[in-house]
Number of protein chains: 2
Amino acid sequence: MSDKMYRVALASRPDGAPVPANFSYEAADIPTPGEGEVLVRVHYMSLDPYMRGRMDDAESYAAPVPLGGTMEAGGVGEVIASNSPDFEPGDFAFGMFGWATHGVQPAKMLRKVDQTQVPITTSLGVLGMPGFTGWYGFTQIGKPKAGETLVVAAATGPVGSMVGQVAKSLGLRAVGIAGGADKCKLAVEKFGFDACLDHRAYGSAKDLRAALKAECPDGIDIYFENVGGMVLEAVLPNMNRFGRIPICGIIAWYDAGGLGEGAQGLSGPKIWRTILVKHLLVNGFIISNHWNLYNQFLSEIAPKVASGEVAYVEDVAEGLENAPAAFMSMLKGGNMGKQIVKVI
Amino acid sequence: MSDKMYRVALASRPDGAPVPANFSYEAADIPTPGEGEVLVRVHYMSLDPYMRGRMDDAESYAAPVPLGGTMEAGGVGEVIASNSPDFEPGDFAFGMFGWATHGVQPAKMLRKVDQTQVPITTSLGVLGMPGFTGWYGFTQIGKPKAGETLVVAAATGPVGSMVGQVAKSLGLRAVGIAGGADKCKLAVEKFGFDACLDHRAYGSAKDLRAALKAECPDGIDIYFENVGGMVLEAVLPNMNRFGRIPICGIIAWYDAGGLGEGAQGLSGPKIWRTILVKHLLVNGFIISNHWNLYNQFLSEIAPKVASGEVAYVEDVAEGLENAPAAFMSMLKGGNMGKQIVKVI
């Protein structure tokens, strides 16, 4: 192995949508693991919308990436050196190694990955943070009941596709929203959604609202929120009384600096009044606060992934140097399924 | 008794704040109770902010009052004729008699009022719908824990004063917001709030936000929402992670036709993002869906009202003909304590 590793650093903060100049691809020395630490050669890393938030210097639920710092990411790879009795070379582990070819982490921050039943890439998507996010928010906050109707956007992504599949397994009607006819086809044929609306086919929130109403004749009981923007504006009037809205992200608004843009029809008072008169429960959640339920999720879903009962789709970009382009494309919906970067 | 009764009807729908011409004071024949029904001579009626919503012809959680229809209200009075075995003349009962001197209701829609321990007016405020609203939202949705901090506006009203007193009894810090120095004095001295801020003393949400921060050094864990507007804008940035916001009303926005006014600093995206990054639970509730817990509330709070442990303040207007003026004044905060109209 080479003595050098590579990483992608935050070169400058984006003003709106990220551009290539915000990233810099750099060589660095491979770090040496200290006591209790483990060195991992990353095989695959994950690209997720939350990373856009880390690029801003704004108060959020996690600290921003400092200028010059390595972009944050989860990755999975092979242990190549270990100073911990819990790992030995040849083990596979998931950890927050960042956008990098190698990473050192304390052993207690790593999760051993079973590669015998399912591919290791599933630890980044369907069985990783995104899949867990969908399962947690839908089951624990959404509190689904058979016969109800679920709506989720980004329906072919790793969060939305998990939500839709869990919803179907529990006897709900599942209506997805996605960008493009091909994604909508995938949502229905691969993930079992009852219907999927292509938001690009609608010129306004009002049009999308009418289409949703037609696909949700009994109204919407659970809206799993991961996008915000026009979709939220179209969903809210269709919510049933006592509806539940878990919020795990608002990707449509991540690039809106002042956060006021793109919401002309969705004022603060209108949201607040809707929550009141429809008796809605709205609950933001950050999945990192809920890892205590991860093993429950894994024991329930991993066998279904191994058997094929729970489907997943991965979109793999080749090479760490191409991570910024894949990330920028993903934020615009250019990916099909869980976006991953093959690092090795 | 006279053969005539009087009522206040909705003469026209308000455009913004109600004006006298929206109401008409009219004579009518006293209705005759049918089988299972009861005729009540109303002694006191309640004025509550929710009635403003009923004046609009807009979708809400309850149907609007029709033009020419009697304004809606709860009232308490003496049974003067009964075709039900459950009531006899001389009993006192609470029911939705409207803005009227007399009313007929099915016996099953009435609640017998005990006048031996507490004045019957308490059935309209501290032990009625408003007090129950405060108790329910704070305890069942707010899920208070000792040592936390509560903020509630309209702190001397029947909802806010109940919330504050329950909060203190459970070991929370209670910070009120009210309009005027006299109300703030009342909140602290009569209802036991630790502090009370006069929102009229602050020129902007930003100023109020800073004042709240000073009075809530550990942040805000529960914001009991009954006003919206500038107070909400000032509160949100001070909310702690995992905070809870029960919403029972948004009086500051009831007069805003388009609901977009008065919220320049509070866009939909900003609210949504705050719920997400602070992991907030926001839950609208309409108290009429929760009467199943009313007896629990009554058995807990009524003895404390009788003993004086739970305080209340009533603002009594004289005469049904003066109800519109009292109502319009109340919407602007002109009342001190629970607004009641002495009808008889």
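Residues numbered from 1 in each chain as written. Chains lettered and ligands numbered in written order. Predicted model: local features only at pLDDT ≥ 70, side-chain atom pairs only at ≥ 80, totals over all residues.

Before going further, it helps to spend a moment on the overall build of chain A. Counting its secondary structure elements, chain A contains nine helices and 15 strands. Against the globule reference of 20 Å for 344 residues, chain A gives a C-alpha radius of gyration of 20 Å, in line with a compact fold. Counting only C-alpha atoms, chain A reaches 60 × 45 × 35 Å along its principal axes. Every one of the 344 residues in chain A was classed for burial, and the buried ones make up 51%. The long-range fraction of contacts in chain A, counting pairs at least 24 apart against all pairs at least 6 apart in sequence, stands at 65%. (Helix = DSSP H or I, 4+ residues; strand = E, 2+ residues; numbered from the N terminus. Rg over C-alpha atoms; globule rule 2.2 N^0.38 Å. Buried ≥ 20, exposed ≤ 12 C-beta atoms within 10 Å, placed from the backbone. Contact = placed C-beta atoms within 7 Å.)

So, on to the nonpolar core. Grouped together as the largest cluster of nonpolar side chains are 137 residues, with contacts concentrated most on A:Leu150, A:Val151, A:Val235, B:Leu150, B:Val151 and B:Val235. Once residues lying within four places of it in the same chain are set aside, the contact partners of A:Val151 are A:Val175, A:Ile177, A:Leu212, A:Cys216, A:Ile220, A:Tyr223 and A:Val235. By size, the runner-up hydrophobic cluster in this structure holds 38 residues, among which are B:Met5, B:Val40, B:Val42 and B:Met45. (Core = buried A, V, L, I, M, F, W, Y, C linked by C-beta atoms within 7 Å.)

A few words now on the interface of chain A and chain B. Many structure descriptions define interface size as the accessible area lost when the parts assemble. Between chain A and chain B, the contact holds 31 residues from the first and 31 residues from the second. Counting residues per element, the ones that place at least two in the side of chain A that touches chain B are helix H7 (268-277) and strand E13 (281-284) of chain A. Looking at which element gives the most residues to the side of chain A that touches chain B, the answer is H7(A), with nine residues. Considered class by class, the residues forming the side of chain A that touches chain B number 19 nonpolar, nine polar and three charged. The pairing of E13(A) with strand E13 (residues 281-284) of chain B spans three bridges and is classified as antiparallel. Note on E13(B): the bridge partner recorded for A:Leu281 is B:Asn283. (Nonpolar A, V, L, I, M, F, W, Y, C, P; charged D, E, K, R; others polar. Pairing = 2+ DSSP bridges.)

The transformation that overlays chain A on chain B combines an axial shift of 0.0 Å with a rotation of 180°, and the residual RMSD is 0.0 Å. Overall, the copies show the geometry of a two-fold rotation axis. Closest to the rotation axis within chain A is the C-alpha of A:Gly268, separated from it by 2.0 Å. A share of 100% of the interface residues of chain A reappears at the interface of chain B, consistent with the copies meeting face to face through the same patch. (Least-squares fit on C-alpha atoms with pLDDT ≥ 70 in both.)

Pairing is mixed across the open sheet formed by 12 strands, whose spatial order is E10(A)-E9(A)-E8(A)-E11(A)-E12(A)-E13(A)-E13(B)-E12(B)-E11(B)-E8(B)-E9(B)-E10(B). Because the sheet does not close on itself, it has two edges, and the strands there are strand E10 (195-198) of chain A together with strand E10 (195-198) of chain B. Each strand axis lies, on average, 15° off the axis of its neighbour in the sheet, ignoring direction. With respect to the sheet, helix H3 (residues 158-169) of chain A is in contact with strand E8 (149-153), strand E9 (173-178) and strand E11 (220-224) of chain A, its orientation differing from that of E8(A) by roughly 165°. (Axes fitted to C-alpha atoms, helices over the stretch in contact; angles between N-to-C directions.)

A word on unusual backbone geometry. We note that A:Lys143 has phi near 45°; this positive angle belongs to a residue other than glycine. One can find A:Lys143 in the loop between helix H2 (129-141) and E8. For A:Lys143, a count of 13 C-beta atoms within 10 Å gives the class partly exposed. Backbone geometry at B:Ala154 places phi at a positive 50°, although glycine is not the residue there. Structurally, the position occupied by B:Ala154 is in the loop between strand E8 (149-153) and helix H3 (158-169). The class for B:Ala154 is buried, based on 27 C-beta atoms found within 10 Å.

Now for the pairing of strand E15 (residues 338-342) of chain A. Residue and element names in this part refer to chain A. Of all the five residues making up E15, four are buried; the element is thus mostly covered by neighbouring parts of the structure. Bridge count between strand E3 (residues 37-46) and E15: three bridges; the pairing is antiparallel. Following the sheet pairing, Met45 is matched in E15 by Val341. Sheet topology places strand E14 (residues 314-318) next to E15; five bridges connect them, and they run parallel. Within E15, the residue paired with Val316 across the bridge is Ile340. The handedness of the E14 to E15 crossover, carried by helix H9 (residues 323-331), is right-handed. (Right-handed = clockwise from strand over helix to strand, strands pointing away.)

Turning to helix H5 (residues 205-215) of chain B, a few remarks are in order. All names here are of chain B. By the burial criterion, the buried members of H5 are Ala205, Leu208 and Leu212. With its buried residues spanning 60° around the axis, H5 presents them on a single face. Residues of H5 that are buried sit in contact with E8, E10 and helix H6 (229-235). (Arc of directions from axis to C-beta.)

All right, on to the packing of helix H2 (residues 129-141) of chain B against helix H8 (residues 294-307) of chain B then. In helix packing, the relevant descriptors are the interaxial angle and the interaxial distance, both defined with respect to the helix axes. All names here are of chain B. Interaxial distance between H2 and H8 falls to 10 Å at its minimum, and their mutual angle equals 100°. Looking at the two axes, H2 sits roughly perpendicular to H8. Here Gly131, Phe132, Trp135 and Tyr136 of H2 come into contact with H8, specifically with Tyr294, Phe297 and Ile301. (Parallel < 35°, antiparallel > 145°, perpendicular 65-115°, else oblique.)

A few words now on the domain arrangement of chain A. Residues and elements named next belong to chain A. Domain boundaries in chain A define domain 1 (4-125 + 312-342) and domain 2 (129-287). For domain 1 versus domain 2, the distance between C-alpha centres works out to 28 Å. Counting residues at the interface gives 17 residues for domain 1, matched by 17 residues for domain 2. Per-element accounting of the side of domain 1 that touches domain 2 gives the leading share, three residues, to helix H1 (residues 50-54). (Domains from an automatic or database assignment.)

Assignment of secondary structure puts A:Lys213 in helix H5 (residues 205-215). Sequence-wise, A:Lys213 and A:Val42 are 171 residues apart; in three dimensions their C-alpha atoms are separated by 45 Å.

Here the focus is H2(B). Residues and elements named next belong to chain B. Taking 1.5 Å per residue as the helical rise, H2 with its 13 residues ought to reach 18 Å, and the 17 Å between its terminal C-alpha atoms agrees with that figure. Extensive coverage of H2 is indicated by the burial of 11 of its 13 residues. If you check which residues of H2 are buried, you get Met129, Pro130, Gly131, Phe132, Thr133, Gly134, Trp135, Tyr136, Gly137, Phe138 and Ile141. Considering only its buried residues, H2 is in contact with H3, strand E11 (220-224), strand E12 (239-247), E13, H8 and strand E15 (338-342). Among the residues trailing H2, Lys143 stands out with phi positive, at a value near 45°. (Expected span 1.5 Å × (residues − 1).)

Residue and element names in this part refer to chain B. If you trace the backbone, Glu37 turns up in strand E3 (residues 37-46). Looking at Glu37, the number of C-beta atoms within 10 Å reads 20, which means it is buried. Spatially, the C-alpha atoms of Glu37 and Ser82 are 6.3 Å apart, while their sequence positions differ by 45 residues. Ignoring any residue separated from it by four or fewer positions in sequence, one finds Glu37 in contact with Asn83, Ser84, Val104, Gln105, Pro106 and Ala107.

Here the focus is the confidence of the model for chain A. Low-pLDDT portions of the prediction should not be read for the details of their coordinates. Residues and elements named next belong to chain A. Across chain A, the average pLDDT comes to 94, with 96% of residues at 70 or higher. Across residues 256-262 the pLDDT falls below 50, and counting only partners more than four positions away or on other chains, this stretch makes 15 contacts in the model. Model confidence for the complex is summarised by a pTM of 0.90, with the ipTM given as 0.87. (pLDDT = per-residue confidence, 0-100.)

The next subject is the environment of B:Val79. All names here are of chain B. Checked against the element boundaries, Val79 lands in strand E4 (residues 75-82). When the C-alpha atoms of Val79 and Met96 are compared, they prove to be 14 Å apart, with 17 residues separating the residues in sequence. Those residues in contact with Val79 that sit more than four places away from it in its chain are Val38, Val40, Phe87, Glu88, Pro89, Gly90, Asp91 and Ala93.

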